[in-house]
Structure formats: structure tokens, C-alpha cells
Amino acid sequence: MSLISPLVPIILPVILCAAIGVFWVRFKQPFDHEFVRRIVLWISAPALIVGTLGKTVISAELLQHVLLASMCMLAFTAVFAAAACVLLRLSLRDFLIPLVFGNFGNMGLPLCLFAFGQEGLAIGLGVFLVTTISHFSFGVAVLSGKAMIKGVLSSPVIYAGVFACLLIFNHWHLPLPLQNTLELLGGISIPLMLITLGVSLSSLRLQGVGKSLGLGCLRLLVGLGGGVATVYVLDLEGMVRNVVLLQSATPAAVFNYLLAMQYRREPDTVAGMVVSSTLISFISIPVLLYFLGVR
């Protein structure tokens, strides 16, 4: 228990907030997915990015390092996932993207905040920015078979990230009323993400348990493998190392299921993969946090 108890304040809030979403569905309460998605992607997530990066003491050099590390993490994960698909004779078109893109937002950001504080959240947001852009450009292109540049350029998250980078690179500071407003709006993002995660998981069904469980484990393995490779190649240390490893170990993102359903890419199997990897992560992530020295 002495090993587990320090990790409870980090993991338990994530579980409890997601459980609210699960019970919300169980009690048959209405939940407008589209409204929540738009609130998060169009208002609260951009506000969280600008508000957090704008007030956190993070140098331009560190931010560049984080963005590079995020791209390397995705690249290594993609290589490992593609190799696994070839070896296991899985369809690259169907399973590459769910294996590469973890739940960097809904689960990754709260974990970074609870485990490493505001500095960890700021670095986690850098990872989130790169992975979100990649997911809705490269990811959608693989699933749909066509480029999605227009869809990416219409996302406020990108412009929030660019503006936050300008603030950091130019040492600008926001007026206090605007900073406070962004903190209020950004504050709803993480709870909404976690509740939505619970709502989404409760509506998914485990199809083909054996295959889904195997793919769920594979997502966690190739993700963490990509993180470890990035840490080794870039010689990452300190907070950046910890955040990259933690984000890389997150389970398959719920968005993978939504995209699989939209483009008819084995949605039932991907749904099972999301559920199984999320359940397993409630064991694997505390173990990782322990080895990262979070006590």
C-alpha cells in the first residue's frame, strides 16, 4: 500500500471524473456529444492552451524541444505500429492510426497536471498540440484516403497553439483580465474531457474480446516504445522526459473509434481496442508513474 497510496491523488481524480460520465449514461441522462465536442475544441481547449502556456514560465528553447520530441514520439510509434501490423498481418489502413494516437487529451492532460503540476500541464499541452494536428491531418488522410488540409486549418486549436508560441517566443504577456478569462474558460476543458471519456466508454462494446484485448495491449506497448525511443534518441531529461513517457503510454483515443466509424474502418474492433487499452492503462500508468519517481 505504501507504493500505491502516493499515486492515488493522481489516478483517482481521473477515474472518478470518467465515472461521472459512465453513471450519467447509466441513469439515462441526455448528453449532447456534438455540443460538448464543439465547446472543448472551439473554446475551452484553445483557451487552456493560450492561458496555460501564456502564464507558465517556459522558454522558447524548451517549447521547441517539446514540439520536436512530440513529433519524434509519433514518428517512432508509427514505425513500431506499422511493423507490428505487417508482422501480425493486420490492415495498415484500419489499425495504424488507432495504434499510433493515444488519448493525449482526455486522459493525458489530466495526468500531466495531477502528476507534474502546471509545468507538466504546459509541456503536455505542447504534446497535445502536435498530436491533435497530426491526428486530424495525417490520421484522417490515412483513414479516408485523401488529404484533409482544409479541415485542419479550420481548427481553432491550431491558431491557439500558434498564438501561444508567439507569446513565448516574443516574451509577451496577456492583460490580466484576458488571462483570467482564459483560465476560467480553459478550466472547464479537463473535467469535460474526462466526463466525455466516461460517456464514450460506456457506450462502446467489446467486440471480439481476444483481438480487442491484444490490440489494446499492442497500443500501450508501441506507444510506450515510441516514447522510450524518443527519450533515448533526443537524450531527454527531467520534466520533458517524464511528460513524453507519460503521454506516450496513454490508451487509444476515443476519437479513433469515431473516425473508424465515419470511414468504416473496423469500428467494432477499434471500439474494443479503446475500451481494453483504457482499462489496462489504469494498471499500467500507475506502474509507469512509480518508475518515473512520482511518489
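Analysis parameters
- Each chain carries its own residue numbering, running from 1 in the direction its sequence is written.
- Since the coordinates come from a predicted model, pLDDT governs what is reported: local features require at least 70, and pairs of side-chain atoms require 80 or more to be given and counted, while whole-chain, interface and lining totals use all residues.
- To get the side-chain values, all heavy atoms of the structure are used, and hydrogens and water are removed first.
- Put simply, DSSP H or I for four residues or longer makes a helix, DSSP E for two residues or longer makes a strand, and each gets a number counted from the N terminus.
- All radius of gyration figures rest on C-alpha atoms, and the globule criterion is 2.2 Å times the number of residues raised to 0.38.
- Note on exposure labels: buried denotes an accessible area under 20% of the residue type's maximum, exposed denotes more than 50%, and partly exposed covers the range between, all computed with a 1.4 Å probe on protein chains only.
- By definition in these notes, contact holds between two residues if any of their heavy atoms fall within 4.5 Å.
- To be clear on the numbers: accessible area is Shrake-Rupley with a 1.4 Å probe, and residue cover counts the displayed protein chains and nothing else.
- The convention is simple: Lys and Arg are positive, Asp and Glu are negative, and His and the chain ends are not counted.
- A charge is said to be at NZ when it belongs to Lys, at CZ for Arg, at CG for Asp and at CD for Glu.
- In this text, buried Ala, Val, Leu, Ile, Met, Phe, Trp, Tyr and Cys residues form a nonpolar core when linked through side-chain atoms within 4.5 Å.
- Ring pairs are drawn from Phe, Tyr and Trp, using the six-membered ring of Trp, whenever the two centres fall within 6.5 Å, and their geometry is named by plane angle: stacked under 30 degrees, edge-to-face over 60, tilted for the rest.
- Axis definition: a line fitted to C-alpha atoms, over the contacting stretch in the case of helices. Angles run 0 to 180 degrees between N-to-C directions.
- Each angle receives one of four descriptions, namely roughly parallel if under 35 degrees, roughly antiparallel if over 145, roughly perpendicular if within 65 to 115, and oblique otherwise.
- Left-handed describes a crossing whose near helix is turned anticlockwise from the far helix through less than a right angle; right-handed describes the clockwise counterpart.
- Three categories are distinguished: nonpolar for Ala, Val, Leu, Ile, Met, Phe, Trp, Tyr, Cys and Pro, charged for Asp, Glu, Lys and Arg, and polar for the others, with Gly belonging to the last.
- Here, a salt bridge means any side-chain nitrogen of Lys or Arg that lies within 4 Å of a carboxyl oxygen of Asp or Glu.
- Note on disulfides: each one is a pair of cysteine sulfur atoms within 2.5 Å.

**Student:** Break down the overall build of the protein for me, with residues and values.
**Tutor:** Regarding its fold elements, the protein presents 13 helices and zero strands. Reading the secondary structure of the protein in the N-to-C direction produces α-α-α-α-α-α-α-α-α-α-α-α-α. Taking 19 Å as the expected radius of gyration for a compact globule of 295 residues, we find that the protein reaches 18 Å, a close match to that expectation. In terms of overall dimensions, the protein has a C-alpha envelope of 55 × 50 × 45 Å along the principal axes. Split into buried and exposed, the 295 residues of the protein put 52% on the buried side. Long-range pairs, those at least 24 residues apart, make up 84% of the contacts in the protein between residues at least 6 apart in sequence. Entry remark: accessible area of the protein is about 13,600 Å², with carbon and sulfur atoms responsible for 70%. If you average the places of the 16 positive and of the 10 negative side-chain charges in the protein, the two averages end up 11 Å apart.

**Student:** Report on unusual backbone geometry, specifying residues and quantitative values.
**Tutor:** Non-glycine residue aspartate 235 carries a positive phi angle of around 55°. Judged by relative accessible area, which is 55%, aspartate 235 ranks as exposed.

**Student:** Break down the environment of tyrosine 232 for me, citing the residues and quoting the values.
**Tutor:** Topologically, tyrosine 232 is positioned in helix α10 (residues 209-234). It is 24 Å that separates the C-alpha atoms of tyrosine 232 and proline 98, two residues lying 134 residues apart in sequence.

**Student:** Lay out the side chain of aspartate 94 with the relevant residues and their values.
**Tutor:** Turning to its location among the elements, aspartate 94 is positioned in helix α4 (residues 92-100). Discounting residues that sit within four places of it in the chain, aspartate 94 has contacts with Arg265, Glu266 and Val270.

**Student:** A description of the nonpolar core should follow, citing residues and the corresponding values.
**Tutor:** If you look at the biggest cluster of nonpolar residues, it comprises 86 residues, and the most contacted ones within it are Ile49, Leu111, Phe116, Leu246 and Leu289. The contact partners of phenylalanine 116, leaving out residues within four places of it in the chain, are Leu111, Met239, Asn242, Val243, Leu246, Leu289, Leu292 and Val294.

**Student:** Before we move on, can you summarise the packing of aromatic side chains with the specific residues and values?
**Tutor:** Evaluation of the coordinates by the stated rule reveals two aromatic pairs. Summarising the aromatic geometry, the rings of phenylalanine 76 and phenylalanine 80 are spaced 6.4 Å apart at their centres and angled 25° between planes, so their arrangement reads as stacked. With phenylalanine 76 and phenylalanine 80 both in helix α3 (residues 60-88) and four residues apart, the pair spans about one turn of that helix. The class for phenylalanine 80 is partly exposed, based on a relative accessible area of 34%. With a centroid separation of 5.8 Å and 80° between ring planes, the pair formed by tyrosine 290 and phenylalanine 291 is classed as edge-to-face.

**Student:** Provide a residue-level description of the side chain of glutamine 179, including the pertinent values.
**Tutor:** On the secondary structure map, glutamine 179 appears in helix α8 (residues 176-187). With residues up to four places along the chain from it excluded, the contact list for glutamine 179 reads Gly51, Gly54, Lys55 and Leu174.

**Student:** Account for the packing of helix α1 (residues 8-26) against helix α13 (residues 267-291), with residues named and values stated.
**Tutor:** Close contact between α1 and α13 brings their axes to 10 Å; oriented N to C, the two are set at 155°. For the element pair α1 / α13, the angle class is roughly antiparallel. Along this stretch, α1 crosses α13, giving a crossing that reads as right-handed. Contacts from Ile10, Ile11, Val14 and Ile15 of α1 reach α13 at Phe282, Ile285, Pro286 and Leu289. Looking at the contact of α1 with α13, its residues break down into eight nonpolar, no polar and no charged.

**Student:** Account for the pattern of salt bridges, naming residues and giving values.
**Tutor:** Summed over all chains, the structure comprises two salt bridges. Between arginine 38 and glutamate 34 there is a salt bridge whose closest N-O contact spans 2.8 Å. Highlighted residues: arginine 38 and glutamate 34, both in helix α2 (residues 33-55), separated by four residues, approximately one helical turn. Between aspartate 94 and arginine 265 there is a salt bridge, with the nearest N and O atoms lying 3.6 Å from each other. Here the residue aspartate 94 occupies a position in helix α4, and arginine 265 occupies one in the loop between α12 (254-262) and α13, the gap between them amounting to 171 residues. By the burial criterion, aspartate 94 is buried, and arginine 265 matches it.

**Student:** Explain the state of the cysteines to me, and be specific about the residues and the numbers.
**Tutor:** Across all of its chains, the model carries zero disulfides by this definition. Free cysteine cysteine 72: the closest other cysteine sulfur is in cysteine 165, separated by 17 Å. What makes cysteine 72 buried here is its relative accessible area of 18%.

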